[in-house]
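Spelled out from the first residue to the last, the chains are:
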Amino acid sequence: MSKEKSNEIWGGRFVEGPDTIMRSINSSISFDQRLAEKDIAGSHAHAEMLAATGIISAADAAAIKNGLSSVMEEIKRGEFSFSEELEDIHMNIESRLTNLIGSPAGRLHTARSRNDQVATDFRLWVRDQIVETKFALTALIKVLLDQAELGADWVMPGFTHLQSAQPVTWGHHMMAYVEMFGRDLDRAEDARRRMNESPLGAAALAGTSFAIDRNMTAKALGFDRPCANSLDAVSDRDFALEFLSFASITAMHLSRLSEELVIWSTAQFRFIQLSDRFSTGSSIMPQKKNPDAAELIRAKIGRILGANVALMTIMKGLALTYSKDMQEDKEPVFDAADNLSLALTAMAGMVDDMTALPDNLKKAAGSGFATATDLADWLVREKDMAFREAHHVTGLLVAMAEKKNCDLQDLSLTDLQKVFKGIDESIYSVLSVENSVASRKSYGGTAPDQVRNQIKRWKRKLLD
């Protein structure tokens, strides 16, 4: 194996440079260059603080900040040359800064370490991703609210075990996903609040002997406060794990909605029609319109949950404080963030474009004896029957309808009275799907008025 001369960033401790294989496994610049903007922001704040506390001169701080701005412009223009030999984004930027401004660049690393530097960069990046995720979740919730408002009165089957259970409204079904993604929104905000502490100034692990002002750098970077323990500050990746955790739950919710869209768009269900913009065709079957966007979103949970498990596994055996294992924290988070963003955006577009088919929804809502529970409730309410007895009577009537190959509302009064003589004409008022959903007026129920109340509540919540 070939060897290199000593790497200058490691100082005089090493006589020889790393083996080429070691250099490859050790380098992170191929992926952590995504942190460039955050790294430069952290360095700006650090330089200002060093000058304000008299640790470096104002002239050196000004040269550093001007140089960092020039480096950032080079990166934005695609003119910056990232080097594997310099290992990571921090040393790549510092090396270029040294080329631009000379000796003042060497003062920038006073009172900090790459350990607190990368922890700060990564927190800043994840914090921004949480904000972007909140915007994407809000956009999805808004199009679900539009669908709910459009179909607040449309009846459809409600399922348990994917078997027709009771009639519900389209609006109520859409609002169930609003509640799901609303919890994801809350989890995102909660994670952001908890992670918003600054590791900068914790240095390698023990803090620093320089009289730095950590509150100043925390404020400059938009953090609420500095991390209170330097050991924890450089070794903590809970913020990334919390992001992956709520991302996994969000992806699971997206997968559940995707599954329903896949089922509903089949010829057997025909509850919805997906737009051409979010569908594909078949190379051999000209009639096909495949819900590929929904299927791909459904699959994203595998990658995102996998990232969550990967980082949890990386962190579980690490003694305090920093270990090189933690270099493996970023790629799964970057990948999960990219895929969550794509999935949320695609789902919002697909829901916004899809067309529900109310006639098919209503037809399906009346099948499978969906109003059987309404019949049992009527017997309890109108005939003072114990619910278990009403359940038994209703079961006998369902069996009769099944034998006659008809729905409950198609049974004659004579047929109904063969099972229970006390049944009268008024029972038919509860056997229609429209009356069934209208009767479910309890808070959170499927009655159209309840659905509209929930839509109003969510619209107010999104404005707050």
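(A) Region of interest: unusual backbone geometry. For the bond running from Leu320 to Thr321, omega is 10°, close enough to zero to count as cis. Considering the arrangement of structural elements, one finds Thr321 in the loop between α11 (292-315) and α12 (330-353). Even without being glycine, Ala111 reaches a positive phi, approximately 65°. For Ala111, the position within the fold is in the loop between α5 (89-101) and α6 (114-150). Overall, the relative accessible area of 7% leaves Ala111 in the buried class.

(B) Focus on helix α14 (residues 372-383). Here α14 contains twelve residues, and its C-alpha end-to-end distance of 16 Å stays within 8% of the 16 Å for a straight helix at 1.5 Å per residue. Regarding α14, the residues found buried are Ala372, Asp374, Leu375, Ala376, Trp378 and Leu379. On its buried face, α14 is in contact with α15 (387-404) and α17 (433-439). Note on α14: the residue one or two positions beyond its end, Asp384, has a positive phi of about 55°.

(C) Region of the structure containing the packing of helix α3 (residues 36-52) against α6. At a minimum axis separation of 9 Å, α3 and α6 run at an interaxial angle of 120°. When the axis of α3 is compared with that of α6, the two are oblique. Between α3 and α6 the crossing geometry is right-handed. Contacts between α3 and α6 involve Lys38, Asp39 and Ser43 from the former and Gln117, Asp121, Leu124, Trp125 and Asp128 from the latter.

Rules used in this analysis
Residues numbered from 1 in each chain as written. Predicted model: local features only at pLDDT ≥ 70, side-chain atom pairs only at ≥ 80, totals over all residues. Heavy atoms only, no water. Helix = DSSP H or I, 4+ residues; strand = E, 2+ residues; numbered from the N terminus. Buried < 20%, exposed > 50% of the residue type's maximum accessible area, 1.4 Å probe, protein only. Expected span 1.5 Å × (residues − 1). Contact = heavy atoms within 4.5 Å. Axes fitted to C-alpha atoms, helices over the stretch in contact; angles between N-to-C directions. Parallel < 35°, antiparallel > 145°, perpendicular 65-115°, else oblique. Left-handed = near helix turned anticlockwise from the far one by under 90°.

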